[in-house]
Amino acid sequence: MKLVHRRNGDHTTLASDVETADSFLTKARGLMFRRTIPDDYALVFRFDDVDRHSLHMVFVPFDIDALWLVGGEVAKKKRLSAWTGIGFGMADTIVELPAGAADDVEEGDLVEVE
């Protein structure tokens, strides 16, 4: 699996190492207690419906980029700081990436797991 960013017919790979948080436990734990993540890594959270979802950085000792997606379209992007970051947004999918990985991603772009 890989995570692809699409805009105006162009596409780039955001991550080639994609993990899905698909159980209650993996969604609750997220990136907590990990020391680092690889530069080409993404953690994807999928939900049944579009709703307001939050992320927190408690026990995450590194910054990340977070994307809130609705139908694959970026609804919100935010850099979350280590330990203290928090973010909220409407989404049916959330993607967590290493800080800087989503620098070229803008609201309205498409991001998909292939």
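The numbering scheme is per chain: residues are counted from 1 as the chain's sequence reads. The predicted origin of the model limits local features to residues at a pLDDT of at least 70 and limits the giving and counting of side-chain atom pairs to 80 or more, whereas totals for whole chains, interfaces and linings rest on all residues. With hydrogens and water stripped out, all remaining heavy atoms of the structure feed into the side-chain values.

Details of the overall build of the protein
Stated formally: By definition, any uninterrupted DSSP run of H or I lasting at least four residues is a helix, any uninterrupted run of E lasting at least two residues is a strand, and each is numbered from the N terminus. Exposure categories follow from relative accessible area, calculated using a 1.4 Å probe and restricted to protein chains: below 20% of the type maximum is buried, above 50% is exposed, and the middle band is partly exposed. Residue burial considers only the protein chains on display, and all accessible areas are found by Shrake-Rupley using a 1.4 Å probe. None of His or the chain ends enter the tally, which takes Lys and Arg as positive and Asp and Glu as negative. Lys charges are placed at NZ, Arg charges at CZ, Asp charges at CG and Glu charges at CD.
Helices and strands together make up the secondary structure of the protein, namely one helix and eight strands. Taking the principal axes of the C-alpha coordinates as reference, the protein spans close to 40 × 30 × 25 Å. By the burial criterion, 39% of the 114 residues in the protein qualify as buried. Of the accessible surface of the protein, which amounts to about 6300 Å², a share of 50% is contributed by carbon and sulfur atoms. Charge-centre separation for the protein: the mean point of 13 positive side chains lies 5 Å from the mean point of 21 negative side chains.

Concerning the pairing of strand S4 (residues 41-56)
What counts, and what does not: Strands were regarded as paired on the criterion that DSSP finds at least two bridges between them.
Bridge count between strand S3 (residues 17-21) and S4: five bridges; the pairing is parallel. Within S4, the residue paired with Asp17 across the bridge is Tyr41. Direction of pairing for S4 relative to strand S7 (residues 86-98): antiparallel, over a ladder of 10 bridges. Of the residues in S7, the one forming a bridge with His56 is Ile86.

Topic: the packing of aromatic side chains
What counts, and what does not: Two aromatic rings, drawn from Phe, Tyr or Trp (for Trp, its six-membered ring), form a pair once their centres lie within 6.5 Å of each other, and the interplanar angle then sorts them: stacked below 30 degrees, edge-to-face above 60, tilted otherwise.
Applying the stated rule across the entire model yields two aromatic pairs. Measuring from centroid to centroid gives 5.1 Å for Phe33 and Phe59, while their planes differ by 25 degrees, and the two rings are stacked. With Phe33 in the loop between helix H1 (24-29) and S4 and Phe59 in the loop between S4 and strand S5 (64-70), this residue pair connects regions lying 26 residues apart in the sequence. Each ring, one from Phe59 and one from Trp83, has its centre 6.2 Å from the other, and the planes form 70 degrees; the classification is edge-to-face. Of this pair, Phe59 sits in the loop between S4 and S5 while Trp83 sits in the loop between strand S6 (73-80) and S7, and the two are 24 residues apart along the sequence. Trp83 gets classed as partly exposed once you look at its relative accessible area, which sits at 48%.

A look at the pattern of salt bridges
For clarity, the cut-off: Any carboxyl oxygen of Asp or Glu that lies within 4 Å of a side-chain nitrogen of Lys or Arg is treated as forming a salt bridge with it.
Taken as a whole and assessed by the stated rule, the structure comprises seven salt bridges. Put simply, Glu112 and Arg6 hold a salt bridge, and the shortest N to O gap is 2.8 Å. Placement of Glu112 in strand S8 (residues 110-113) and of Arg6 in strand S1 (residues 3-7) is noted, with a sequence separation of 106 residues between them. Residue Glu112 is classed as partly exposed on the basis of its relative accessible area, which comes to 30%. On the basis of relative accessible area, Arg6 is assigned to the partly exposed category, the value being 26%. Taking the shortest distance from any N to any O, the salt bridge between Asp109 and Arg7 comes out at 2.9 Å. With Asp109 in the loop between S7 and S8 and Arg7 in strand S1, this residue pair connects regions lying 102 residues apart in the sequence. Residue Arg7 is classed as partly exposed on the basis of its relative accessible area, which comes to 28%. One salt-bridge network, in which partners are shared between bridges, spans Arg6, Glu112 and Glu114.

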